[in-house]
Amino acid sequence: MGLLTIGAFAKASRLSPKALRLYDELGLLTPARVDPVTGYRHYAPEQLDRARLVAWLRRLGMPLARIQRVCALDAGSAAREVRAFWAQVEADTAARRDLATFLIDSLARKDPAMTPTTRPLEIRYAALSDPGLVREGNQDTAYAGSRLLAVADGFGAAGAPASSAAVDALKYLETDSIPAGDLLNALEDAVDRARQAVCGTAGAGARPDEEAGTTLTAMLWTGSQLGLVHIGDSRVHLLRGGELFQITHDHTVVQSMVDEGRLSPEEAASHPQRSLLLRALGRGADDVLPDLRLHDVRAGDRYLLCSDGLSAVVPEADVGRVLARSPRPEEAVRELVALANEAGGPDNVSCVVADVLAQRQQS
């Protein structure tokens, strides 16, 4: 078969002539021959496979620059690149789905006709932070109050003041009256305050070339719901009905590799870069967006916020057993910290445990 005209090639490849001209200009799909007089483009039949791949990748929504990289790879590497791209799309979609759910719920609660009648609830809580058995100091900060629960894990030369500043910047939420429907805006404002506080602290205590900052994972209690803000690799677990669920997603290089299918969860647990963060609060991270989420709670729920000093060394099954058997939050945090230290205590460890209870009727 001879060369195909641009019209015939467009029909066979399911790409428009306009798209083919653009891809030629970008060097993505160069014609086999261009007539020097008329400028007409002609394509070889063997270019159809590449053209059809480009068409499918465009239907996936892949940017042209990334398509160019995929087309330059061998088949196996190209497949891994497409898998990684789609994993990111699914993660972004999940984040937007959570935000949509949050907004729908928030707007519904602002509509008096749609406001549900909920049973009055309260929380009982405890926090504990420990330096562990190896580190000289403690760069973690843990806090539990009647409305705010928070864990921050600092890093760098100014890690300790950075984590403390991040949590302190949220404490005004303890006294401010925030309707459930405005929780999203309140949490965003709080993160901005925390970001500014951390940048000021880290900037004052570190050299210009030295990284310093903190993770931040916090929950704000409204009386019937918990609003979550999360940046980094500290975690939140929920014990409900005897089952333990992790309700945060680590912002780490290793977790992104798991999401992309390049590592198994078992491989990630022992990976040498498992603590390398993709998101944190600190200097140069002004555009870092937190995960924001709203949780409807039930009487009997137990929440755990913890730094990676616990999650990196204590198996989740052991964490679940402690949470299930400890009658009070104070006992639970002590047992969890003890487990981390029994496992070698290689890092600072911080835990916050909060129980959701039905309010006792006033007589």
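Structure first, text after, so check above.
Residues numbered from 1 in each chain as written. Predicted model: local features only at pLDDT ≥ 70, side-chain atom pairs only at ≥ 80, totals over all residues. Heavy atoms only, no water.

## Structural notes on the nonpolar core
For step 1, the next point in the chain: Core analysis: the biggest nonpolar cluster contains 28 residues, and Leu-170, Leu-173, Ala-194, Leu-216 and Leu-281 have the highest contact counts within it.
For step 2, the next point in the chain: The set of elements that each furnish at least two residues to this core consists of strand E6 (148-155), helix H6 (159-168), helix H7 (183-205), strand E8 (216-221), strand E9 (225-231) and strand E13 (291-296).
For step 3, the next point in the chain: The element best represented in this core is H7, accounting for eight residues.
For step 4, the next point in the chain: With near-sequence residues (within four places) excluded, Leu-216 lies in contact with Val-151, Ala-152, Ala-166, Val-167, Leu-170, Ala-194, Val-229, His-230, Ile-231 and Leu-281.
For step 5, the next point in the chain: Ranked by size, the runner-up nonpolar core spans 23 residues in total, among them Leu-4, Val-54, Leu-57 and Met-62. (Core = buried A, V, L, I, M, F, W, Y, C linked by side-chain atoms within 4.5 Å. Buried < 20%, exposed > 50% of the residue type's maximum accessible area, 1.4 Å probe, protein only. Helix = DSSP H or I, 4+ residues; strand = E, 2+ residues; numbered from the N terminus. Contact = heavy atoms within 4.5 Å.)

## Concerning the side chain of Thr-248
For step 1, the next point in the chain: Checked against the element boundaries, Thr-248 lands in the loop between strand E11 (243-246) and helix H8 (253-259).
For step 2, the next point in the chain: Overall, the relative accessible area of 8% leaves Thr-248 in the buried class.
For step 3, the next point in the chain: Looking at Thr-248, its side chain comes within polar contact range of the main-chain nitrogen of Val-236, at 3.1 Å.
For step 4, the next point in the chain: Residues within four places of Thr-248 in sequence aside, it is in contact with Leu-228, His-230, Ser-234, Arg-235 and Val-236. (Polar contact = N/O pair within 3.5 Å; in protein donor to acceptor, adjacent residues only side chain to side chain.)

## Comments concerning the packing of helix H3 (residues 48-60) against helix H4 (residues 64-71)
When two helices pack together, their arrangement is captured by the angle between the axes and the distance separating the axes.
For step 1, the next point in the chain: Between H3 and H4, the least distance of the axes is 10 Å, while the angle of their chain directions is 140°. Classified by the angle their axes make, H3 and H4 are oblique. For H3 against H4, the interelement crossing comes out right-handed. Across the interface between the two elements, Arg-50, Leu-53, Val-54, Leu-57 and Arg-58 of H3 pack against Leu-64, Ile-67, Val-70 and Cys-71 of H4.
For step 2, the next point in the chain: Within the contact of H3 with H4, the residues separate by chemical class into seven nonpolar, no polar and two charged. (Axes fitted to C-alpha atoms, helices over the stretch in contact; angles between N-to-C directions. Parallel < 35°, antiparallel > 145°, perpendicular 65-115°, else oblique. Left-handed = near helix turned anticlockwise from the far one by under 90°. Nonpolar A, V, L, I, M, F, W, Y, C, P; charged D, E, K, R; others polar.)

## Description of the pattern of salt bridges
When their charged atoms lie close together, side chains carrying opposite charge are able to pair.
For step 1, the next point in the chain: On inspection of all chains with the given rule, the structure shows 15 salt bridges.
For step 2, the next point in the chain: Across the pair Arg-325 and Glu-335 runs a salt bridge, and its minimum N-O distance is 2.7 Å. A residue pair is termed long-range when its members are at least 10 positions apart, and Arg-325 in helix H11 (residues 316-325) and Glu-335 in helix H12 (residues 329-342) qualify at 10 residues.
For step 3, the next point in the chain: By relative accessible area, Glu-335 is classed as partly exposed at 28%.
For step 4, the next point in the chain: The network of salt bridges with common partners includes Arg-66, Arg-69 and Glu-81. (Salt bridge = Lys/Arg side-chain N within 4 Å of Asp/Glu carboxyl O.)

## Remarks on the packing of aromatic side chains
For step 1, the next point in the chain: Enumeration over the complete set of coordinates arrives at one aromatic pair.
For step 2, the next point in the chain: Seen in terms of ring centroids, Phe-9 and Tyr-43 are 4.3 Å apart; in terms of plane orientation they differ by 10°. Their pairing is stacked. A residue pair is termed long-range when its members are at least 10 positions apart, and Phe-9 in helix H1 (residues 6-13) and Tyr-43 in strand E3 (residues 41-43) qualify at 34 residues.
For step 3, the next point in the chain: The aromatic ring of Tyr-172 is capped on one face by Arg-193, whose charged end is 3.7 Å from the ring centroid. (Phe/Tyr/Trp six-rings, centres within 6.5 Å; stacked < 30°, edge-to-face > 60°. Lys NZ or Arg CZ within 6 Å of the ring centre and 35° of its normal.)

## With respect to the sheet that holds strand E2 (residues 33-34)
For step 1, the next point in the chain: Reading across the sheet, the three strands line up as E1-E3-E2 and stay open at both edges, with antiparallel pairing between neighbours. Two strands in the sheet have a free side with no partner beyond their single neighbour: strand E1 (4-5) and E2.
For step 2, the next point in the chain: Of the pairings in the sheet, the one linking E1 to E3 comprises two bridges and is antiparallel in character. Paired with Leu-4 across the strands is Tyr-43, a residue of E3. (Pairing = 2+ DSSP bridges.)

## Some details on helix H2 (residues 17-25)
For step 1, the next point in the chain: Restricting attention to buried positions, one finds in H2 the residues Ala-19, Leu-20, Tyr-23 and Asp-24. The buried residues of H2 occupy an angular sector of 140° when the element is viewed end-on, so they sit on one face. Facing away from the buried side of H2 by more than 90 degrees, the exposed set consists of Lys-18 and Glu-25.
For step 2, the next point in the chain: Of the surrounding secondary structure, the elements contacted by the buried residues of H2 are H1, E3, H3 and H4.
For step 3, the next point in the chain: Directly after H2, the chain includes Gly-27, whose backbone phi takes a positive value near 80°. (Arc of directions from axis to C-beta.)

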